[in-house]
Amino acid sequence: MEPWAESQSEKPRGESELQEEQRLQQEGPRRISDLLQKLLSEGTTASYNSSSEARMVEIAENFQRQYSHLFPERRPLLMCPENENGIKKFVSTTLRPTAVEHPELYHWKGCASVVADLLSLKPLESPVNLPRQLFAPSTVLQSQSATCFEAATLLCSLLIGADYEAYCVSGYASREMCECDQTEQECPPMDTGEKDMMQEPQQNKYRLKPKKKLQSRYLVQQEMKKKNKESAQKGEEPPVDTLRGLRVHCWVLVFSGSRDIEENFFIDPLSGNSHSTDDEHFLGIESMWDNYNYYVNMQECCKDCSEVKYDLEDLKRWEPVLAGVTCKKKLKDKVLKRKEIRFLGKLNSEQEVELGPKAFQMPKPWSSCISISKKNLEHRYPGGKKVTFYRKAKLERFGLYLQSDGLLTRLTTYKDLSCTEVELVKEWYQGRTDFLDHREFNKILHVTTEHFLPGRSFHLLFHRYSDAEHKMEFNSSARADGLLRRVLTKSDMTEMFEGRFDYLHYRRISFSIPDGLSDVQHIPLKIYQSLIFVSKQKVEERFHRNPNLPLSDDVAKRVFLMDERKIQLTYHMEYFAAIPSKRVLIKPLPATESRRAEDFTSANIQTLQVDPSVKPPSRIVLYLVLQDLVKGEIAAAEHAKVSRNEFRDILQSREEEEKNLQLIFSPWTYAGAALAHKHQKQKLKTAEQQDWQLEHVDDYLVPHLVNLEFPETLSATDVENLVAKCVQEFKENRKGVANFLKEHHKKLLQELREKQRWYQQNQGLLNKEEVEKFHDYCSDKTLVMKVVQRRLDRYVEETSQKVAAFREQLLKSPWLSLQTLS
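Residues numbered from 1 in each chain as written. Predicted model: local features only at pLDDT ≥ 70, side-chain atom pairs only at ≥ 80, totals over all residues. Heavy atoms only, no water.

Per an unreviewed UniProt entry, the chain carries the name Dynein regulatory complex subunit 7 and comes from Takifugu flavidus. Among the UniProt annotations of the chain, the heading Sequence similarities (unreviewed entry) holds the following wording: "Belongs to the DRC7 family." (UniProt positions renumbered as here; feature names shortened; annotations may be inferred.)

K.L.:
Residues and numbers for the overall build of the chain, please.
P.N.:
Each helix and strand counted, the chain has 21 helices and 25 strands in total. Within the span of the chain, comprising 822 residues, buried residues form 39% of the whole. Taking as baseline every contact in the chain between residues at least 6 positions apart, the subset at least 24 positions apart corresponds to 57%. In the structure as shown, the chain presents an accessible area of about 49100 Å², 51% of it carried by carbon and sulfur atoms. (Helix = DSSP H or I, 4+ residues; strand = E, 2+ residues; numbered from the N terminus. Buried < 20%, exposed > 50% of the residue type's maximum accessible area, 1.4 Å probe, protein only. Contact = heavy atoms within 4.5 Å. Areas by Shrake-Rupley, 256 points an atom, 1.4 Å probe, with all protein chains shown as cover.)

K.L.:
Lay out the confidence of the model for the chain with the relevant residues and their values.
P.N.:
A residue-level look at the chain finds 77% of positions with pLDDT of 70 or above and a mean pLDDT of 80. Every residue in residues 6–18 scores below 50 in pLDDT, and together they form eleven contacts with partners more than four places removed in sequence or on other chains. Per-residue pLDDT stays below 50 along residues 818–822; that stretch engages in ten contacts with residues further than four places along the chain or on separate chains. (pLDDT = per-residue confidence, 0-100.)

K.L.:
Lay out the pattern of salt bridges in plain terms, naming residues and giving numbers.
P.N.:
Throughout the structure, instances matching the rule amount to 46 salt bridges. Between Arg-432 and Glu-658 there is a salt bridge, with its nearest N and O atoms 3.3 Å apart. Here Arg-432 is found in the loop between strand S13 (422–429) and strand S14 (436–442), whereas its partner Glu-658 is found in helix H15 (residues 619–659), with 226 residues between them in sequence. Assessed through its relative accessible area of 3%, Arg-432 is described here as buried. For Glu-658, a relative accessible area of 35% corresponds to the partly exposed category. Through salt bridges with shared partners, a single network forms among Arg-432, Asp-434, Arg-439, Glu-450, Arg-456, Arg-654, Glu-657 and Glu-658. (Salt bridge = Lys/Arg side-chain N within 4 Å of Asp/Glu carboxyl O.)

K.L.:
Explain the pairing of strand S20 (residues 504–511) to me, using residue names and the numbers behind them.
P.N.:
Extensive coverage of S20 is indicated by the burial of six of its eight residues. In this structure, strand S19 (residues 492–497) lies alongside S20, joined through five bridges in antiparallel fashion. Each residue of the ladder has a partner; that of Thr-494, found in S20, is Arg-508. Two successive antiparallel strands, S19 and S20, enclose a turn made up of six residues, where Gly-499 displays a positive phi of approximately 70°. (Pairing = 2+ DSSP bridges.)

K.L.:
Go over the pairing of S19 with me, naming the residues and quoting the values.
P.N.:
Note on strand geometry: in a regular strand, side chains alternate between the two faces of the sheet. Counting buried residues along S19, five of its six residues qualify, which places the element largely inside the surrounding structure. Bridge count between strand S18 (residues 483–488) and S19: five bridges; the pairing is antiparallel. Residue Leu-488 lies in a different strand from S19, and its bridge partner there is Met-493. Connecting the antiparallel pair S18 and S19 is a turn made up of three residues.

K.L.:
Can you lay out the nonpolar core for me, pointing to particular residues and giving the numbers?
P.N.:
Counting 62 residues, the largest nonpolar core has Met-79, Leu-159, Val-252, Ile-267 and Tyr-294 as the members making the most contacts within it. The element contributing the most residues to this core is helix H8 (residues 148–161), with ten residues. Excluding residues that lie within four positions of it along the chain, Ile-267 makes contacts with Trp-108, Ala-112, Leu-155, Leu-159, Trp-251, Val-252, Val-254, Asn-273 and Ser-274. Listed in part, the 19 residues of the second largest apolar core include Val-169, Cys-178, Phe-255 and Phe-266. (Core = buried A, V, L, I, M, F, W, Y, C linked by side-chain atoms within 4.5 Å.)

K.L.:
How would you sum up the side chain of Glu-657? Please name residues and give values.
P.N.:
Inspection of the secondary structure assignment puts Glu-657 in helix H15. In this structure Glu-657 comes out as buried when scored by relative accessible area, which is 19%. Among the polar contacts listed, one links the side chain of Glu-657 to the side chain of Arg-456, at a separation of 3.2 Å. Aside from chain neighbours lying at most four places away, what touches Glu-657 is Asp-434, Arg-456 and Ser-457. (Polar contact = N/O pair within 3.5 Å; in protein donor to acceptor, adjacent residues only side chain to side chain.)

K.L.:
Tell me what's going on with the sheet that holds strand S4 (residues 248–254), and back it up with residues and numbers.
P.N.:
Spatially, seven strands are ordered S6-S5-S4-S3-S7-S8-S9 in an open sheet, and the strand pairing comes out antiparallel. Of all strands in the sheet, those bounded by a partner on one side alone are strand S6 (274–276) and strand S9 (318–320). Ignoring strand direction, the axes of neighbouring strands in this sheet form an average angle of 35°. Alignment of strand S5 (residues 265–267) against S6, held across three bridges, turns out to be antiparallel. Paired with Ile-267 across the two strands is Ser-274, which belongs to S6. (Axes fitted to C-alpha atoms, helices over the stretch in contact; angles between N-to-C directions.)

K.L.:
Provide a residue-level description of the packing of helix H6 (residues 108–118) against H8, including the pertinent values.
P.N.:
Where H6 contacts H8, the axes come no closer than 10 Å and their chain directions differ by 150°. Judged on the interaxial angle alone, H8 and H6 are roughly antiparallel. Helix-helix and strand crossings are classified by hand; for H6 and H8 the assignment is right-handed. In this structure, H6 uses Trp-108, Cys-111, Ala-112 and Val-115 to contact H8, whose residues at the interface are Ala-151, Leu-154, Leu-155, Leu-158 and Leu-159. (Parallel < 35°, antiparallel > 145°, perpendicular 65-115°, else oblique. Left-handed = near helix turned anticlockwise from the far one by under 90°.)

K.L.:
Describe H8, and please don't skip the residues or the numbers.
P.N.:
The end-to-end C-alpha distance of H8 is 20 Å, a good match for the 20 Å that 14 residues give at a rise of 1.5 Å each. Asp-163 sits one or two residues past H8 and shows a positive phi near 70°. (Expected span 1.5 Å × (residues − 1).)

K.L.:
Mind laying out the packing of aromatic side chains, listing which residues take part and the relevant values?
P.N.:
Both the distance between ring centres and the angle between the ring planes are used here to describe each pair of aromatic rings. Evaluated as defined, the whole model comprises 17 aromatic pairs. On the numbers, 5.7 Å between centres and 70° between planes, the contact of Trp-251 with Phe-266 is edge-to-face. Taken together, the residues span a long stretch of sequence, with Trp-251 in strand S4 and Phe-266 in strand S5 at a distance of 15 residues. A ring pair is formed by Tyr-575 and Phe-576, whose centres lie 5.3 Å apart and whose planes are at 90°; its orientation type is edge-to-face. Under the relative-accessibility criterion, Tyr-575 is labelled exposed at 75%. A cation over an aromatic ring shows up here: Arg-432 above the ring of Tyr-429, its NZ or CZ 4.6 Å from the ring centre. Between the NZ or CZ atom of Arg-456 and the centre of the ring of Phe-452, over which it lies, the distance is 4.7 Å. (Phe/Tyr/Trp six-rings, centres within 6.5 Å; stacked < 30°, edge-to-face > 60°. Lys NZ or Arg CZ within 6 Å of the ring centre and 35° of its normal.)

K.L.:
Describe unusual backbone geometry, with residues and values.
P.N.:
Phi at Lys-392 takes a positive value of approximately 60°, unusual for a residue other than glycine. If you trace the backbone, Lys-392 turns up in the loop between strand S10 (385–390) and strand S11 (393–398). The backbone phi angle of Cys-419 is positive, close to 55°, even though this residue is not glycine. Tracing the backbone through its elements, the reader meets Cys-419 in the loop between strand S12 (407–414) and S13. A residue is classified by how much of its surface remains accessible, and Cys-419, at 24% relative accessible area, is partly exposed.

K.L.:
Please set out a nonpolar patch on the surface residue by residue, giving values where relevant.
P.N.:
Together, Ile-620, Tyr-623 and Leu-624 give the surface a local cluster of nonpolar side chains, amounting to about 310 Å² of exposed area. Tracing the sequence through the fold places Ile-620 in helix H15. Using a relative accessible area of 62% as the deciding quantity, one classes Ile-620 as exposed. (Patch = residues over 30% accessible without salt bridge, like charges linked within 9 Å, V, L, I, M, F, W, Y side chains within 5 Å.)

Here you go:
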């Protein structure tokens, strides 16, 4: 079997070609111009074969006959299937290398993921026979349904367009691979955020290689045998495939050397997953092709592809259909060499020998250019939804903005293989007004976990709740109080802080819940209004080390015992000590009608001083300390009240957000751009309506005249009343924008005052940089307030002018001028 070179392809033309040429010469240039116009209008040769394509089909059929004669035991090759118009096309010409403009498709992972998401599997007519048809990639994208051969053709076209050395591979695979059945595989880990394919971390070639993880092969084999035995006992062993090794399949091979690819690997176009070339699911290779040539595998691969060598220039292992076009790299070198010689001058005999005979080149692709729109990438899946089943898991994916709640992905895990008992449900969202990013429902523990993006109210980032507790996490850097975490249980509320100027990092408030309440989640909000403040029993606060104070005065923990009227102080531990210093202060009883107030005596003081060199403070000093601690106790009670109200407000806001959920459409998406265009049209329509209102003042008068049954005459008082009513309606129509600007200005002023109040409280603890940040914040906020106020003043001024113009138009109306009494 000899490859086809140009010397073999230059044979006498057939009678049909000569007759066609004579007919064209007889019909003249008009017929030729009509054909050219038809070619330009269609843009492709999908409905016919050009002369080069017809010759390529002849070469392929001749190659197929020689191949069947020399290897009768081997199955036929997929070389010239019919396209959607019933025309035979060589498979290499069906590939249409295309560089798509979307950044997601610049990397092979993005290409594989997009192709797997856009297409649904169309099974072959027979699982053991090659398909009779192979549609163009553009046609496949329109229908979003493809066989494995069509999906591989589309993926290979995108990879070649992205400058990868990729080939379509025709061979045999397992049942799971051919049917895209992933029920025996574990579900891949889901990412909570999107990864940019263009920002992959670059590997440093000079970094130290990690140590190999040593493990016993014997122990691994024993563990596998144990798992297989348990699976067989439970009936989890998959049924035996009677067609194993006979099922035809098509996938993509990516060669190393292009785009920093270090090793050859396979890509399954149906799932988008990558596999090593020795994967057990790929059972054999018959042929492979790209847009330059077609290669037949001459190596034995009875069991799998692990022993296959992919050196396409080795003619003993790979038989090309076209001679002289052995690979893409060699063709590029020849083209560059010919261009260089053509630029310098004519070829000499040595250069002609070096370049070799000019080979028959593969015809250009016949299919139209691949076009993937932004809308297709957003809707993504056929019908806007795609469901994939894994081992004890179901993965549902939805198109962007197609679900009313912004749902993008839902992963459901089950306890059993039959997928009847739900264990865990995870959901990922995008574009929600409540900034919810993903949520998790644990059906066994009855725990719900919510994760939020930065920017929502109260700066909430995390919320987990169950029958036993509520746990919330916040963006501490964005909060004035530095709150990092809050945990509410049946008996206490714990808060953790970060970056505070008073070095507080922990507060725990203990309280009692009425006997009628069983769990935290179902406590009525009205009870929370008085629960923590009235029923609190103990408040514990912890502080970080203050370097400005000596250890003997730096409090590490203080505990307010409300019922016992005690305050316990624990100081930071000395470097030489095994236990910290402690002090207990007992508050004297206040005065009542029957007795006078108690004195602060030594009985009210209990001290454990570790460092004997420290002079104990006097009773007066401790009394002043006690007064400050009483103020701290009152402040702790106020903080408990604020925390209680904030907890209640968060729960109420979450209920309202779930009831009145809306989506935020990004203007950089197809749906967002369409919505922005719609809003712009609505805005122009509103402006036209306002101008129309000024021009059509009679529409304001007619409803009032209808109520008066169109009287023949009107007094001056009646006219004034009608005009006043119409002007009032006109003002009401313009109040919406003014009210919005007023509320926005009020909100900005409130935020500025809160920041100034915080500055007054912490002024002595701020450094120079923080003071500058405060002044910058105040100046920016003031500037925004001035802009809002100017817009409000301008709108009010325009409103007064338009109201005056509207009043003049009313008085000029013929309805009033004809019916008014003189």
